[in-house]
Amino acid sequence: MALKNQRGSFFRTHILVFLLPAALIYTLFMIIPLIDTVRYSFYDETAEGITSFVGWDNYILILTDERWWTDFSNALENNFIFFVIHMFVQNPIGLLLAALLSLPRLKMANSYRTLIFMPTMLSVVIIGFIWKLILSPLWGVGDTLVGFVGMTDGLPALLGEESTALITLSFISVWQFVGIPMMLIYAALLNVPDDLVDAAIVDGANQWTAFWRIKLPLILPTIAMVSVLTFVANFNAFDLIYAVKGALAGPNFETDIMGTMFYRTFFGYQLQPGSATLGATVASLMFLVILCGVMLYLFVIQRRLQRYQL
Amino acid sequence: MKLSKRVGPLGVHAVLMCYTVIALFPIYLVIMNSFKSKKGIFRDPLAFPTGTTFDLVGFEKVIARSSFDVYFTNSISVTVISLVFVLLLGAMAAWALAEYDFPGSDMMALYLAIGIMIPIRLGSVSLLKMIVGMGLVNTLTALVLVYTAQGLPLAIFILREFIAQIPNDLKEAARCDGVSEYRIFWSIILPLIRPALATVAVFTMIPIWNDLWFPLILAPSQETATVTLGIQQFIGQYVTDWNAVLASLTLAIVPILILYVIFSRQLIRGLTSGAVK
Amino acid sequence: MADIKLSGIKKSYGKAEVLHGIDIDIKDGEFVVFVGPSGCGKSTLLRLIAGLETISDGDLQIDGETVNDMTPSQRKIAMVFQSYALYPHMTVYKNMAFGLTLGKKGPLGGLLGGGENKKLIDEKVQKAAKSLKLEDYLHRYPRELSGGQRQRVAIGRAIVRDPNVFLFDEPLSNLDAALRVNTRLEIAKLHQDLEATIIYVTHDQVEAMTLADKIVVVNGGHVAQCGSPLELYHHPANKFVAGFIGSPSMNFLEGTTTAVHAGSLDVLLDYDNSTASIPVHPDETQIGDKVTIGIRPEHMKEGNDQSFKLSAKVNVVERLGEASYLYLENGENDPLCVKTDGHSITKAGDKVELCADFSAVHVFNAEGNALARTTSDQKYIAPKLSA
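Residues numbered from 1 in each chain as written. Chains lettered and ligands numbered in written order. Predicted model: local features only at pLDDT ≥ 70, side-chain atom pairs only at ≥ 80, totals over all residues.

What follows deals with the overall build of chain C. Counting its regular elements, chain C contains 8 helices and 20 strands. Projected onto its principal axes, the C-alpha coordinates of chain C cover approximately 80 × 45 × 40 Å. Across the 387 residues that make up chain C, the buried fraction comes to 41%. For chain C, the proportion of contacts with a sequence separation of at least 24, taken over those separated by at least 6, is 65%. (Helix = DSSP H or I, 4+ residues; strand = E, 2+ residues; numbered from the N terminus. Buried ≥ 20, exposed ≤ 12 C-beta atoms within 10 Å, placed from the backbone. Contact = placed C-beta atoms within 7 Å.)

Following this line, the structure appears as structure tokens:
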């Protein structure tokens, strides 16, 4: 018995040595800040740095004060549009490209894959600036390009107009990140055994019906995962809007999303001073939105989708 | 039948080719125009630089007015150091979770997986306070710590699945020979999980290199700016100088593209290896 | 009715040619087995017939019609895959019905459509399920079935489509030994019931021997020999087929021609420096040519009362009860094997005298081709089975 104990403790030291450094850094710089941010959203802070507990006041302010609520609901709505465009443009295009790339014996599939994934590798900031230049009415590249497809009036200032700015930015982001759903779905499609498609072909299917009736049902879990990843990434987005439109997310807050609103609230802009506690409140609300999406995925969608052993 | 057999692949290639052009054209346009004079840029943006329009003035301005070398050094140090921490600490933790059955090991795994779905950015308010409290504002150390925490959850998740597939016999054989647990990890496990480490490295590296948020709030000074932040500030300042803007973008793009072309095979193998499901 | 004719079929991937001109005639209702070592091209050949790969050169005819450019369903074939390839997200019922639900592209063409078609599909599925004893499993998913059941579902999926030709790609290789024998019998019975043309690919020569009306031995992208199981066993056309068919394999002894007669050949054996005069047509064999002599283990026995004699030292004895196998010292080469009586008292280390009838001895020339035997001993010649 003594021997066994000794052996037990011997093993426990190892576990601790292996596990502790990662757990410590993760807890200290991720979990604690997340929890502390939520805690902080229940406090108020004066300019001198004195904090006091205020209960739900910050939330009440943001969700009921007319100016705050206008801002917040606008950002939430824009963010939702941002997400919907990704969900229904980026992911279907990714699916299409992945489906084409996974066709048997497609020549140059590797080159296509590598090249299409290229923009995904670059920083969002760089991508934002590239498109800002291309769409700039000053340069005129856009006018020349749309001229090729017969639009002689030139390209409208897509990023400058209130009606088009958000959609344009969403499409820029779609353009950059289409590689991610493409790769994840492509990997899932590669895992579908060739025999299944061959069997379907022998059964009288063509590549098209084999895709819809055999491959697609088998990769639904991957598509659900891609969707939730898109959701989390979109409600956490910031870099693109900030790079192209600045913290003010113009014109007239038309491109404001949760990330940029969080930044403005936290650091202040123009005449409004920054507030760490209100910033924490916005962050907590973002947390809540993301959590809802993740929970929906984990407890509703994922449970209904059967993962098939391939 | 014959017709559709031939049209099929042709149509597929047409779609893929078309999308490839869409994906690459903007990047190509920026790089090409960065080698032109201002007149060349505006008069015929689609033309290749010629004898009369070729001009390196943009690059000269960027090098004279900004410290791109510093940005690159900063980005490389932050990325590489964070990467080493994520891979080493992540592999250690993954090994502990995969190999040893101790009370609460499943809870621990779940706890460490939360960070895969919840972005660390949401904790920025408290994180900034903490970094200020530690006196680490405007240091690269702050970025390394945050990025390590950010990269660990996915790393542990992927590596744990991978380590669990290593046959038990290998470890048992080593234990019978009296090899210590540390040695088993270092000399048997680490070499075996190299392919998975490569995958994790890619997933960890790209978001760190490209991040704007944390450099912006934790280390915004000129001395600690990363490429992403540096370029954002530089372009903000010289927004009307097209030569400089295009040249700075090219300087930021080209090294990544070269690295990508060299490592794309490994990268894509990692992405599609099934290590992530 | 489905006669299949392969003429000059070639297949290349890029520059690598894997099939170098295959000619095979398959009669309606025949059970044909393609057999060969792994990588010989037999599975590729099957996939070409199925229409899953395009034929690089040559002509594939089913019922006199060239089908090179037809889809698998237009060729009216059905295939059972090695992995079974059951659709994991469909029940057994839906797996079997899948091909029939594909509408106009399905084998029934325009017949399908409207309520009647569902009834028709149901009839076919139920009938197939009944014949394969799958009625109780129709609403289960493939993952809930045993290996043998999955196998039967895969066969059922082929049957409901009522094809002209069934293709089987190593269907037994994922089953355990006991189930394999059972399923083999079931497939044999299926062939009798359906009277359909079956092409079956395997690397296992026992499966080939037991199932086939006609065996096609494929080696290195060529047809090494084509014929009935007993033809291949008794009259292998070359050394490859001789070694491949039969278990344990045929023994090979190297030798040199010392004299050529009209109906026989004198061979000096490297093994024990004895000379044997073997009754075969010498063809173009000349004095001094290297030849190989082949004798099956079961055609040799202990003793010296037959025409071909050999003495050797026994290295290992395997006693199986009904028979014992003696493994003989053979220098650096594979040991020779002799199947002997289960009551044999021979032990390892013994020196033994062995003999065989000349009519059971095969001779292969330097190119590996068999020389025709001149003996008329009926025992070692394939019997003519009435068709």
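The next point concerns the overall build of chain B. Across its full length, chain B carries 13 helices and 0 strands. Sequence-ordered secondary structure for chain B, helices as α and strands as β, is α-α-α-α-α-α-α-α-α-α-α-α-α. Its C-alpha atoms give chain B a radius of gyration of 24 Å, more than 25% over the compact-globule value 19 Å for 277 residues. In terms of overall dimensions, chain B has a C-alpha envelope of 75 × 70 × 35 Å along the principal axes. (Rg over C-alpha atoms; globule rule 2.2 N^0.38 Å.)

Attention now moves to the domain arrangement of chain C. All names here are of chain C. Along its sequence, chain C is carved into domain 1 (4-240) and domain 2 (248-374). Between domain 1 and domain 2, the C-alpha centre-to-centre distance is 39 Å. Listed per partner, the contact involves 5 residues of domain 1 and 7 residues of domain 2. Each residue belonging to the side of domain 1 that touches domain 2 can be placed in one class, and the counts come to 3 nonpolar, 1 polar and 1 charged. (Domains from an automatic or database assignment. Nonpolar A, V, L, I, M, F, W, Y, C, P; charged D, E, K, R; others polar.)

Okay, helix H10 (residues 207-218) of chain A next. If you check H10 of chain A, its first and last C-alpha atoms are 15 Å apart, about what 12 residues at 1.5 Å a residue would give, namely 16 Å. The inward-facing, buried residues of H10 of chain A abut helix H3 (66-101), helix H8 (179-191) and helix H9 (194-202) of chain A. (Expected span 1.5 Å × (residues − 1).)

What follows is about the interface of chain A and chain C. Of the residues lining the interface, 18 residues belong to chain A; the matching set on chain C comes to 20 residues. Elements represented by at least two residues in the side of chain A that touches chain C include exactly H9 and H10 of chain A. Considered class by class, the residues forming the side of chain A that touches chain C number 11 nonpolar, 4 polar and 3 charged.

Residues and elements named next belong to chain C. If you trace the 4 strands from one edge of the open sheet to the other, you get E2-E1-E4-E5, paired in antiparallel fashion. Two strands close off the open sheet at either side, each with one partner strand: strand E2 (16-26) and strand E5 (65-66). Pairing between strand E1 (residues 4-13) and E2: 8 bridges, direction antiparallel. Within the sheet, the bridge partner assigned to Lys 5 lies in E2 and is Asp 25. (Pairing = 2+ DSSP bridges.)

The next thing to look at is the confidence of the model for chain B. Residue and element names in this part refer to chain B. Per-residue confidence for chain B averages 88 on the pLDDT scale, and 96% of its residues sit at or above 70. In the model of chain B, helix H1 (residues 2-33) stands out as the element of lowest mean pLDDT, 83, in contrast to helix H4 (residues 68-99), which has the highest, 95. Segment residues 1-6 is flagged for pLDDT under 50; beyond a separation of four residues in sequence, or across chains, it makes 2 contacts in the model. (pLDDT = per-residue confidence, 0-100.)

Before going further, it helps to spend a moment on the interface of chain A and chain B. Often the size quoted for an interface is simply the accessible area lost on bringing the parts together. Taken together, the contacts link 63 residues of chain A with 64 residues of chain B. Secondary-structure elements contributing two or more residues to the side of chain A that touches chain B are helix H1 (2-40), H3, helix H4 (109-121), helix H5 (124-135), helix H6 (141-148), H8, helix H12 (239-245) and helix H14 (276-304) of chain A. Within the side of chain A that touches chain B, the residues separate by chemical class into 51 nonpolar, 9 polar and 3 charged.

Okay, the sheet that holds strand E14 (residues 290-295) of chain C next. All names here are of chain C. Judged by pairing direction, the sheet is antiparallel, and its 5 strands sit side by side in the order E13-E12-E11-E14-E20 without closing on themselves. Taken across any chain shown, the strands that pair with only one partner, and hence form the sheet edges, are strand E13 (275-278) and strand E20 (362-364). Averaged over all pairs of adjacent strands, the angle between their axes in this sheet comes to 40°, without regard to strand direction. Of the strand pairs in this sheet, strand E11 (residues 251-260) and E14 are connected by 6 bridges, and their pairing is antiparallel. Within E14, the residue paired with Glu 254 across the bridge is Thr 292. (Axes fitted to C-alpha atoms, helices over the stretch in contact; angles between N-to-C directions.)

This part covers the packing of H4 of chain A against H8 of chain A. Residues and elements named next belong to chain A. Contact geometry of H4 with H8 gives a least axis separation of 8 Å together with a crossing angle of 130°. Classified by the angle between their axes, H4 and H8 sit oblique to one another. Of H8, the residues touching H4 (which contributes Ile 116, Phe 117, Pro 119 and Thr 120) are Gly 179, Ile 180, Met 182 and Met 183. Its residues assigned to classes, the contact of H4 with H8 shows 6 nonpolar, 2 polar and no charged. (Parallel < 35°, antiparallel > 145°, perpendicular 65-115°, else oblique.)

A word on the nonpolar core. By size, the foremost hydrophobic cluster in this structure holds 279 residues, and its most contacted members are Ala 93, Val 146 and Leu 159 of chain B. If one sorts the elements of this core by residue count, helix H7 (residues 140-164) of chain B sits on top with 17 residues. In this structure, Val 146 of chain B is in contact with Phe 29 of chain A together with Ile 120, Leu 127, Phe 214 and Leu 218 of chain B, ignoring residues within four places of it in sequence. (Core = buried A, V, L, I, M, F, W, Y, C linked by C-beta atoms within 7 Å.)

This part takes up the domain arrangement of chain B. Here chain B is described as being made up of domain 1 (2-56) and domain 2 (66-237). One C-alpha centre belongs to domain 1 of chain B, the other to domain 2 of chain B, and the line joining them spans 37 Å.

All names here are of chain C. Along the chain, Ser 247 connects to Pro 248 via a cis peptide bond; the corresponding omega equals -5°. Structurally, Pro 248 can be placed in the loop between helix H8 (239-244) and E11. Of note, Glu 195 is a non-glycine position whose phi angle comes to about 55°, a positive value. Under the C-beta neighbour-count criterion, Glu 195 is labelled exposed, with 8 such atoms within 10 Å. Notably, Asp 283 is not glycine yet its phi reads approximately 50°, a positive angle. Mapped onto the fold, Asp 283 is located in the loop between E13 and E14.

The subject of this paragraph is the environment of Pro 297 of chain C. All names here are of chain C. Among the secondary structure elements, Pro 297 is positioned in the loop between E14 and strand E15 (300-302). You can call Pro 297 buried: it has 20 C-beta atoms within 10 Å. Linking Pro 297 and Leu 326, residues 29 residues apart in sequence, is a C-alpha distance of 9.0 Å.

In this section: the pairing of E14 of chain C. Two strands pair when backbone bridges link them, and E14 of chain C and E20 of chain C are joined in this way by 3 bridges, in the antiparallel orientation. For Thr 292 of chain C, the partnering residue across the bridge sits in E20 of chain C and is Phe 364 of chain C.

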